[in-house]
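# Architecture at a glance
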Amino acid sequence: MNRNAHASKKQTSKKSAPSERRRGKEEQAEFVKKCEEIIKGLQAHSWKDLEVGRKFRRNEKLDLITADSVIVGCDIGSVKHFIRAIDAQGRALTSKPFSFDNDEEGFKAAYDWMVGIAAQNDKTQIVLAMEPTGHYWFCFAAWCTSHGITVVQVNPYAVKATKEIQDNSQLKSDRKDPGVIAELAKNGNYSVPYIAEGTYASLRELELFRERVMEDRVRDNNRLCQEMDKYFPEYRRIYKDVDMVFSLAVLAKAPLPEDIVRIGEDGIRALWHSEKLRGRGYSKAAELLEKAKQSVGLRVGQVQARMSIQYLVRSIRDKDTCLAEIDDEITKLAKSIQYVDKLQAISGLGERIISGILSEIGDLTRFDDVKGIQKYSGLGLVSESSGKHNGETHISHRGRKRLRYWLYMGARSVVAHSREFAELHAYYTTRDENPLKKMQSLMVIACKLLRIIYVVLTKGVDYDPHKMLGDIVRPENTKNKAKGAAVA
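An account of the accompanying structure is given in this report. (Residues numbered from 1 in each chain as written. Predicted model: local features only at pLDDT ≥ 70, side-chain atom pairs only at ≥ 80, totals over all residues. Heavy atoms only, no water.)

The next subject is the state of the cysteines. In this structure the tally under the stated criterion is zero disulfides. We note that C74 lacks a disulfide partner, and the nearest cysteine sulfur, in C144, lies 7.7 Å from it. (Disulfide = S-S within 2.5 Å.)

If you want it as structure tokens, here you go:
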């Protein structure tokens, strides 16, 4: 009896096995179909959709996160990334983070994982939140946007400040951070990343390239000064800047004192003449020869020093040629921006400063007003006040450092070359009530310059110095108007 029952049970299990496999295949096919439908319905929102022509504030940010959304937090690394997923109510949809490599195979694996999580939880949209880490996030963000995933950013300061909320621990790791990032995005504490396009993208890349070339040139120039201080210490008394064209022409052929003595004064002049140099530099030939004869520079390692100096001279000259080409291209691109020629009416605001400012700001249409750009540059005013204590007001310094640099350079230049800005600077630093320090005044003028640039480029109006000065609120004028009204 028991033997027969066991046999019948075994036969029943054999019959049910194919049906279970069939059911598993049907479920798998249904899951794949659901994933395909999700992929077809994915819609990526970029800064053009969310910020141009509308105000994308906190309420709008919260509206973007719906009940049909999967919020994926991503901690970006140089080689490996980590992601975790939550829903619109903050419930974790995964128990462990998913790691993937920073290549195409890794991106596809992460994409399949995110779509799978959405299918398992009956979601239709995916929002990927990431903490920008250097330049490593660019490729993954662009790849996800092209595949229908909305990409947003959270502020690293916010991640640092809220990392203890999740588990009451100071721990910070690649496995914990994705959950914190996703939670911040769910609560609307994010921004839409801006990736420059067209002319602005070219301008930004050229400005970065120029900055790197300039850094290398400064490094080469410092090394050249070091070599000359060792082997021809008197040389920098004649040429304070060893990278001048007359100086480089000599060092390219006669880098050491004995070389200069060998070619003589006529030989020095011939070097300059062969490179078609013009100006008052020829008068230093005799002094250069005299210093070379009396030099106390090192006499050891001269063969290697000669090679080093000539190499540095060639490197500096090559970088000068490259910088000239970059400047021409930057000027050409900047002139193609609408109304940019109207900015040259501001005395002291040259093409280099204008192109530098525009390359860092990018497309102006994504800002609702100039205050957004001021905050974006880190020139927004902040202070700490509590009770009877009123802290000192200062700029936030949280923003694009290079944009602050160009605005500061622009402020310095217009104060030096423009009568109306010089008058404004003098007023800010000498007024009776709350006089500003010189640096504070330059920061205020930089913000004023930013407002002028914004209005000129967005409305196409001409720069009016009288209107600019008339817009400044002066306490003495307000008092005079009040007295006149009282008399009347």
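The next thing to look at is the side chain of H81. Looking at where H81 falls in the secondary structure, it is placed in strand β2 (residues 80–86). Those residues in contact with H81 that sit more than four places away from it in its chain are C74, D75, I76, F98, S99, F100, N102 and F107. (Helix = DSSP H or I, 4+ residues; strand = E, 2+ residues; numbered from the N terminus. Contact = heavy atoms within 4.5 Å.)

Attention now moves to the nonpolar core. By size, the foremost hydrophobic cluster in this structure holds 73 residues, and its most contacted members are L349 and F421. Element by element, the count of residues in this core is highest for helix α18 (residues 438–459), at 12 residues. In this structure, L349 is in contact with L343, Q344, I354, G410, S413, V414, L449 and I453, ignoring residues within four places of it in sequence. The next biggest cluster of nonpolar side chains, apart from the first, holds 30 residues, and it includes V242, L248, V250 and L256. (Core = buried A, V, L, I, M, F, W, Y, C linked by side-chain atoms within 4.5 Å. Buried < 20%, exposed > 50% of the residue type's maximum accessible area, 1.4 Å probe, protein only.)

Moving on: the pairing of strand β1 (residues 69–75). A large share of β1 lies buried, amounting to seven of its seven residues. As paired strands, β1 and strand β4 (residues 125–131) are joined by seven bridges and run parallel to one another. The residue of β4 that forms the bridge with D75 is E131. One ladder, built from five bridges, connects β1 with β2; its direction is antiparallel. (Pairing = 2+ DSSP bridges.)

In this structure, the largest pocket occupies an estimated 2,400 Å³ of space. Forming the boundary of the largest pocket are 50 residues, of which Q153, S191, Y376, G399 and R400 lie nearest the centre. By residue number, the principal contributor to the lining of the largest pocket is helix α8 (residues 198–231), which donates six residues. Among the residues making up the lining of the largest pocket, the classes are represented as 20 nonpolar, 11 polar and 19 charged. Of the volumes computed, that of the second largest pocket is approximately 470 Å³. Lining the second largest pocket we find 19 residues, and of these L381, I395, Q440, M443 and V444 sit closest to its centre. For the lining of the second largest pocket, the elements supplying multiple residues, two or more each, are β9 (394–395) and α18. Among the elements that line the lining of the second largest pocket, the one with the most residues is α18, at six residues. Residue classes in the lining of the second largest pocket are distributed as 10 nonpolar, six polar and three charged. (1 Å grid on protein atoms, 1.4 Å probe; cavity = no way out; pocket = protein on both sides within 12 Å on 5 of 7 lines; lining within 4 Å. Points joined across faces, edges and corners; volume = space filled by probe spheres on them. Nonpolar A, V, L, I, M, F, W, Y, C, P; charged D, E, K, R; others polar.)

With that out of the way, let us pick up helix α4 (residues 104–120). Look at α4: 24 Å from first C-alpha to last across 17 residues, which is about the 24 Å you get at 1.5 Å a residue. Restricting attention to buried positions, one finds in α4 the residues G106, F107, A110, Y111, W113, M114, V115, G116, I117, A118 and A119. Among the residues trailing α4, D122 stands out with phi positive, at a value near 55°. (Expected span 1.5 Å × (residues − 1).)

This part is about the environment of Q294. Note that Q294 resides in the loop between α12 (285–293) and α13 (302–335). Residue Q294 is classed as exposed on the basis of its relative accessible area of 53%. Separated by 195 residues in sequence, Q294 and S99 have C-alpha atoms that sit 68 Å apart.

Our next topic: the sheet that holds β2. Taken in spatial order, the five strands make up an open sheet running β3-β2-β1-β4-β5, and their pairing is mixed. Sheet topology places β3 (98–101) and β5 (150–153) at the edges, where each strand pairs with a single neighbour. Geometrically, the sheet is characterised by an average inter-axis angle of 30° between neighbouring strands, direction not taken into account. The sheet contact formed by β2 and β3 spans four bridges and is antiparallel. Across the sheet, residue I83 finds its bridge partner in β3, namely F98. Sitting on the sheet, helix α5 (residues 137–146) is in contact with β1, β3, β4 and β5, with an inclination near 170° to β4. (Axes fitted to C-alpha atoms, helices over the stretch in contact; angles between N-to-C directions.)

This next bit is on the packing of aromatic side chains. Evaluation of the coordinates by the stated rule reveals 18 aromatic pairs. Measuring from ring centre to ring centre gives 5.9 Å for F246 and Y282, while their planes differ by 80°; the resulting arrangement is edge-to-face. Of the two residues, F246 is situated in helix α10 (residues 245–253) and Y282 in the loop between α11 (257–274) and α12; the sequence distance between them amounts to 36 residues. Given a relative accessible area of 9%, F246 falls into the buried group. Residue class for Y282 comes out buried when judged on its relative accessible area of 18%. (Phe/Tyr/Trp six-rings, centres within 6.5 Å; stacked < 30°, edge-to-face > 60°.)

Our next topic: the pattern of salt bridges. Applying the stated criterion across every chain yields a total of 25 salt bridges. Notably, a salt bridge pairs D327 with R210, separated by 2.6 Å at the nearest N-O pair. With D327 in helix α13 and R210 in helix α8, this residue pair connects regions lying 117 residues apart in the sequence. What makes D327 buried here is its relative accessible area of 19%. Each member of the salt-bridge network shares a partner with another, and the members are E207, R210, D327 and R352. (Salt bridge = Lys/Arg side-chain N within 4 Å of Asp/Glu carboxyl O.)

Read these as layout, nothing more, since geometry by itself doesn't imply function.
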